[in-house]
Structures are given as structure tokens and as C-alpha cells.
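Geometric and topological summary
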2 protein chains.
Amino acid sequence: MATRAGRTQRRTEALSRERIIEVAVELLDSAGDGGLTFRALTERLATGPGAIYWHVANKGELLEAATDGVITAALAAEPAEQADSPRDRIRAIALGLFEAIDRHPWLAPQLAAQFSRKPWGPVTPRIFESIGRQVRELGVPKENWFTATSGLVHYILGAAGQNAANAASVRLLRTEDERAEFVEAVAKAWEELDPEEYPFTRAVADQAREHDDREQFLAGIDLVLAGITAVQGQ
Amino acid sequence: MATRAGRTQRRTEALSRERIIEVAVELLDSAGDGGLTFRALTERLATGPGAIYWHVANKGELLEAATDGVITAALAAEPAEQADSPRDRIRAIALGLFEAIDRHPWLAPQLAAQFSRKPWGPVTPRIFESIGRQVRELGVPKENWFTATSGLVHYILGAAGQNAANAASVRLLRTEDERAEFVEAVAKAWEELDPEEYPFTRAVADQAREHDDREQFLAGIDLVLAGITAVQGQ
DNA sequence: ACCTGAACACCGTTCAAGT
DNA sequence: ACCTGAACACCGTTCAAGT
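1. Quick notes on the packing of helix 4 (residues 59-76) of chain A against helix 7 (residues 123-137) of chain A
A packed helix pair is summarised by two numbers, namely the angle formed by the two axes and the spacing between the axes. Residues and elements named next belong to chain A. The geometry of helix 4 relative to helix 7 is characterised by a closest axis approach of 10 Å and an angle of 15° between their N-to-C directions. One finds that helix 4 runs roughly parallel with respect to helix 7. Helix-helix and strand crossings are classified by hand; for helix 4 and helix 7 the assignment is left-handed. Where helix 4 abuts helix 7, its residues T67, D68, I71, T72 and L75 lie against V123, R126, I127 and S130.

Have a look at this one:
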């Protein structure tokens, strides 16, 4: 195994904040929300808990740093430059966030927490800025900037968060077959609801069965975008 | 203290699943997400952990039951009947959910989890049905029912979840003064961002300072509603 | 059928001690 | 300055034993 510096080292690759965060993300990705423990961390890094606490204040800070890292990467990878309308760029950014949350489902609750509990932290402004710039270029009048951007961001985080978790659901169901099975089970359950109490949900079970997560997500984005342009009467 | 049955009892009010869930909600409301522990539960109920496990399978089931109870109450209290357009009824239902999450901030992550991990459970269809019926009455064509309803529900849960947590933030800030302080701190932080990297967020800091959570939330609902009617070209 | 409470495995965090 | 690892307080859950 090659080391960073190029020379072969014994066992220790020298502990660092970055290395700890990297392993934290790996643990979260592979073992889900409960996979990040200090025991697992010390094992993978071949140290004691004290060493980790020297680089990181506590578990909360570690989660924040992991979240910030992944989100920054997702926003930086923006294929948004390629799209040539603000509308398409918003769709691209939204899809990038959707896919980041899909790949790292532990992000969803983490993002919600940081957005509400720590809006002064790095993550909130990063997402807000990214979407907001495109809203401005959409020609939305200034007094509606905040409302329009909040609306989009809330939808994105809400929808992505909701969808994300079935990706990693009970035991990470990653394959298409498993996803299909999951969707089928839900549609079946909805079809078996009491006709008196749940006429609408029953009527819509078939659409739930047929839907594709990504398409559905983008259709929602289009809905909010249509609303934004409709409200300004343009 | 009067007992349910009217007669004065010694110490034990007879343990029951309902009583356990009731106390669980109290603990979550007063002490936040981490407030629900089996130790606290056994203390308040004057029993041992084994007694609780007799009535409830585990902590997860307890959280599900608490969530279902509070949401069912919120949807039943619908002042939606009073409103006389489907549009106003959607606003009323949405606001009811917003306020339930505001009063019980622990609901937010719980709802997200149940929506994605357990869409066959009782909570998802209840919310979906409630909003969906009004979408149908809005005159939305059948093939758009699922998309329109999902869009609304995702926005509601996303926005309510995001807003909710500052209600109970670090140490439940319930008074208007504390809320105002929180909002002011965020606006200040946004104004101090790097002008090169965050021009939009800085420009919008003032709107963030002035905004009212409820108004903002409803403006977002209107955005999605406008989108729904715009998309069907009516 | 319902409840008791000691015990188990595991968690995040601390801290005196080493280098 | 950076790391070690035993120890602490706390957690969800189990289970033999009681009534």
C-alpha cells in the first residue's frame, strides 16, 4: 500500500483530523447511522480514544465535519456549468444533492439538524448560495429571493431526505431488485388499506408502484419552479 | 391527585401501553430527543425496565407509537372543515402539521424516518391521504395526483422539520425574545460572510432577519400550490 | 398475565500518564 | 505536541425469579 508521502511506513500513517473524518465517512457509509462509534474508529485507526479526542472535540463535531466535506464535494462537482439555463442549473444542483444523500443516507438527518440548529455553520450558506444564485438569474424580483430559495431548499432536503433512507433502509438495499421489491411492498400495503378511510391513497398506489425516485424528485423541482415563475406573474 | 377511575389509588395506576406512550411524549417534549430513556421512563412510572418491555417491544416501537399518536391528533383537530376551498384546507392541514412539529420538535426526524423506512406504517398514509384528498378536489388530473401530493408532503415535512428544530434548538428556546435573538444571530453571521464567495446569501440576510416562520412556511405552500395549478395549465 | 431488578454488552468521554 | 488505555457514567435490552 502506498502512503501519501510516497515512502512505506510501518503501521502508523500519522493520525490527522482529515484521516479521522475520512474513516468516519467510510464507517457511516458502510454501516449506517449507528456505524460510527469511537470503538470502531479506534480499531480502524489503530489508536485509543484519547488520540481521536486530541484532533476532534466530540462526536457531534466529527459528524458536522463529515457532512460539510461530503456536501462541499457534491456542490463542487456541479455539472451546473454545462447547463445553459438557470432552470437547468437548479435541476443539476438539486440532483447532485439528491445523489449525495442517496449515496450517503446518513446525510439526511445531519443536514436537517445543521440547517435548523446551526444555520450559521458552513453547510447552510453553501447550499443556500448555490441555489440562490440561480434563483436570482431566473429573474425573480429581489423581494422574493428569500422565499423562492427557501422553498426550493426545503423541498430538496425534504424530498431527498425522505427518499434517501429507503436506499439504506433496514439493511442497505442498494441493488435495483431490492429497491423494486421495497416499492412493490409499499404499493401492496397501500392497496390493502381500508377503502372507507383511505380512498385517495388506495387510488394512488399504482402511481406509487410505477414511480422512479429521480424522475419524481425532479418533477417536484419543476413544480416549485413553476410556482416561482407563476407567482411573479411571468 | 384524582385517578382515572375516580377512586384514590396507592401508588400504582396500573401500567399500560397507553400510559407508557403518554409519559414517553412528556419526556420527549420536556427534555428533547435524548430525554427518552428507559431509566427516566422507569422512574416516572415507578417500575423496572422489564415491566415496560412487557407492553412495548423496544425503544423504536415506542417512538413510532408516540409519533403516530401525536400526528393522528394533529390531523384530527383539522380546522380544515371550516375552510371552504381545497386550497385553504391544504393550508390549514399544513399549518396544523407545522405547529405539531413546532410543539414536538422530536417529531421531525421521526417523521422522516417513518416516511422513508416504514411507508407501510400508519403515519405515512394518514398524512398522504389527508393532503391528497384536497389535491383531488383542487381539480388536479388523476395522473398528476401522486406527483402533486408528494411535492406538497415533501415540502411540508422538509420545511417544518427545518424550522422545528430551532424551536427546541440547543436548550428549548420557546419565548419570542429567544427566537428573535436566534434569527438575529443568523442574519449577522450571514452578513459577515465572504463577499466573493457568498454574494447572494449576504444580499438576502436582511430578508432572513425580517421573516416570520409561519408566514414563510405558508408562502412556500403557496409556491407549490401555484406550481401545481400552473403545471396543469389552468 | 404481569411485574421486579440485577446483570450484560456497549456507548461517548475523561484524564493521569507516557513519549 | 501528540498519543495511550484504563476508568466512569450512562445507555438499551435480557432474563430468572417472583406474584
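Text resumes after the structure shown.
2. Some words on the relation of the copies chain A and chain B
The operation linking the two copies of the chain is a rotation about an axis combined with a translation along the axis. Overlaying chain A with chain B gives an RMSD of 0.0 Å, the required rotation being 180° about an axis along which the chain moves by 0.0 Å. Taken together, the rotation and translation describe the operation of a two-fold axis. Counting the interface residues of chain A, we find that 100% of their copies in chain B are interface residues as well, pointing to one common contact surface.

3. Overview of the packing of helix 4 (residues 59-76) of chain B against helix 5 (residues 86-103) of chain B
Residue and element names in this part refer to chain B. Here helix 4 crosses helix 5 at 145°, and the two axes come no closer than 9 Å. Like other packed secondary-structure pairs, helix 4 and helix 5 cross with a definite hand, here right-handed. Of helix 5, the residues touching helix 4 (which contributes I71, A74 and L75) are I93, G96, L97 and A100. Taken together, the residues that form the contact of helix 4 with helix 5 break down as 6 nonpolar, 1 polar and no charged.

4. A word on the protein's contact with DNA strand D
DNA strand D sits among 17 residues. The nearest are A:T47, A:W54, A:H55, B:R39 and B:K59. Considering DNA strand D, the proportion of its atoms within 4 Å of the protein that are sugar or phosphate atoms stands at 48%. Note that a base oxygen of DNA strand D is positioned 3.1 Å from one of the backbone N or O atoms of A:G50. Within the backbone of B:F38, a nitrogen or oxygen atom sits 2.9 Å from a phosphate oxygen of DNA strand D. Taken together, the elements giving at least two residues each to the surface near DNA strand D come down to helix 3 (49-55) of chain A together with helix 2 (38-45) and helix 3 (49-55) of chain B. Here the surface near DNA strand D gets 5 residues from one element, more than from any other, and that element is helix 3 of chain A.

5. Structural notes on the environment of B:A148
Structurally, B:A148 can be placed in helix 8 (residues 145-168). On the accessibility criterion, B:A148 (4% relative accessible area) is buried. Separated by 76 residues in the primary sequence, B:A148 and B:V224 have C-alpha atoms spaced 8.5 Å apart. When sequence neighbours within four positions are dropped, the list of residues in contact with B:A148 reads A:L223, B:V135 and B:I228.

6. Remarks on the interface of chain A and chain B
Interfaces are often sized by the amount of accessible area the parts lose when they come together. With 59 residues of chain A in contact, the opposing surface of chain B contributes 59 residues. Buried surface at the junction of chain A and chain B, both sides included, amounts to about 5,100 Å², of which 70% is carbon and sulfur. Contact with chain B buries surface across chain A, with A:F146, A:Q162 and A:F200 losing the most and accounting together for 16% of the total. Seen at the junction of chain A and chain B, the total is 14 residue pairs in polar contact (both at pLDDT 80 or more). Elements represented by at least two residues in the side of chain A that touches chain B include exactly helix 6 (107-117), helix 7, helix 8 (145-168), helix 9 (176-191), helix 10 (199-210) and helix 11 (213-231) of chain A. The dominant element in the side of chain A that touches chain B, judged by the number of residues it contributes, is helix 8 of chain A, at 16 residues. Taken together, the residues that form the side of chain A that touches chain B break down as 31 nonpolar, 19 polar and 9 charged.

7. Points about unusual backbone geometry
Phi angles above zero are rare outside glycine, and A:A46 is one such case at about 55°. Within the element layout of this structure, A:A46 appears in the loop between helix 2 (38-45) and helix 3.

8. Examining the confidence of the model for chain A
Summing up the model confidence of chain A, the mean pLDDT is 87 and the portion of residues at 70 or higher is 88%. Throughout residues 1-11 of chain A the model reports pLDDT below 50, and contacts reaching past four residues in sequence, or to other chains, amount to 4 contacts.

9. Here we look at the protein's contact with DNA strand C
Neighbouring DNA strand C are 17 residues, the closest being A:R39, A:Y53, A:K59, B:T47 and B:H55. Protein-proximal atoms of DNA strand C, defined as those within 4 Å of the protein, fall in sugar or phosphate at a share of 48%. A distance of 2.9 Å separates a phosphate oxygen of DNA strand C from a polar atom in the backbone of A:F38. At 3.5 Å, a backbone N or O of B:G48 approaches a phosphate oxygen of DNA strand C. Broken down by element, the residue count for the surface near DNA strand C peaks at 5 residues, all from helix 3 of chain B. Here the residues of the surface near DNA strand C are counted per class, giving 8 nonpolar, 7 polar and 2 charged.

Conventions we followed
- Throughout, a residue's number is its position along its own chain's written sequence, starting from 1.
- All chains are assigned letters beginning with A, and all ligands numbers beginning with 1, in the order in which they are written.
- Per-residue local features of the predicted model are confined to residues with pLDDT of at least 70, and side-chain atom pairs are confined, for both listing and counting, to 80 or more; whole-chain, interface and lining totals are unaffected and use all residues.
- In computing side-chain values, all of the structure's heavy atoms are included and hydrogens and water are not.
- All axes are obtained by fitting lines to C-alpha atoms, using only the stretch in contact for helices, and the reported angles, taken between N-to-C directions, cover 0 to 180 degrees.
- Under the scheme used here, helices are H or I runs from DSSP no shorter than 4 residues and strands are E runs no shorter than 2 residues, and both carry numbers assigned from the N terminus.
- Here the angle decides the label: under 35 degrees means roughly parallel, over 145 means roughly antiparallel, 65 to 115 means roughly perpendicular, and every other value means oblique.
- With the far helix as reference, a near helix turned anticlockwise by less than a right angle produces a left-handed crossing, and one turned clockwise produces a right-handed crossing.
- Contacts were defined at the residue level, with two residues in contact if any of their heavy atoms lie within 4.5 Å.
- A least-squares superposition brings the copies together, and it is based on the C-alpha atoms of residues with pLDDT no lower than 70 in both.
- Residues are sorted three ways: Asp, Glu, Lys and Arg are charged, Ala, Val, Leu, Ile, Met, Phe, Trp, Tyr, Cys and Pro are nonpolar, and all the rest, Gly among them, are polar.
- Any residue with a heavy atom positioned within 4 Å of a molecule or strand is treated as near that molecule or strand.
- In protein, a polar contact means a hydrogen-donor-capable atom and an acceptor-capable atom, both N or O and within 3.5 Å, with residues adjacent in sequence counting only if both atoms are side-chain atoms; elsewhere, any N or O pair within 3.5 Å suffices.
- Exposure classes here rest on a 1.4 Å probe applied to the protein chains alone. A residue is buried below 20% of its type maximum, exposed above 50%, and partly exposed in between.
- When two parts are put together, the accessible area they lose, computed with a 1.4 Å probe and summed over both, is reported as buried area.
- Summary of the metric used: pLDDT quantifies the predictor's per-residue confidence within the range 0 to 100.

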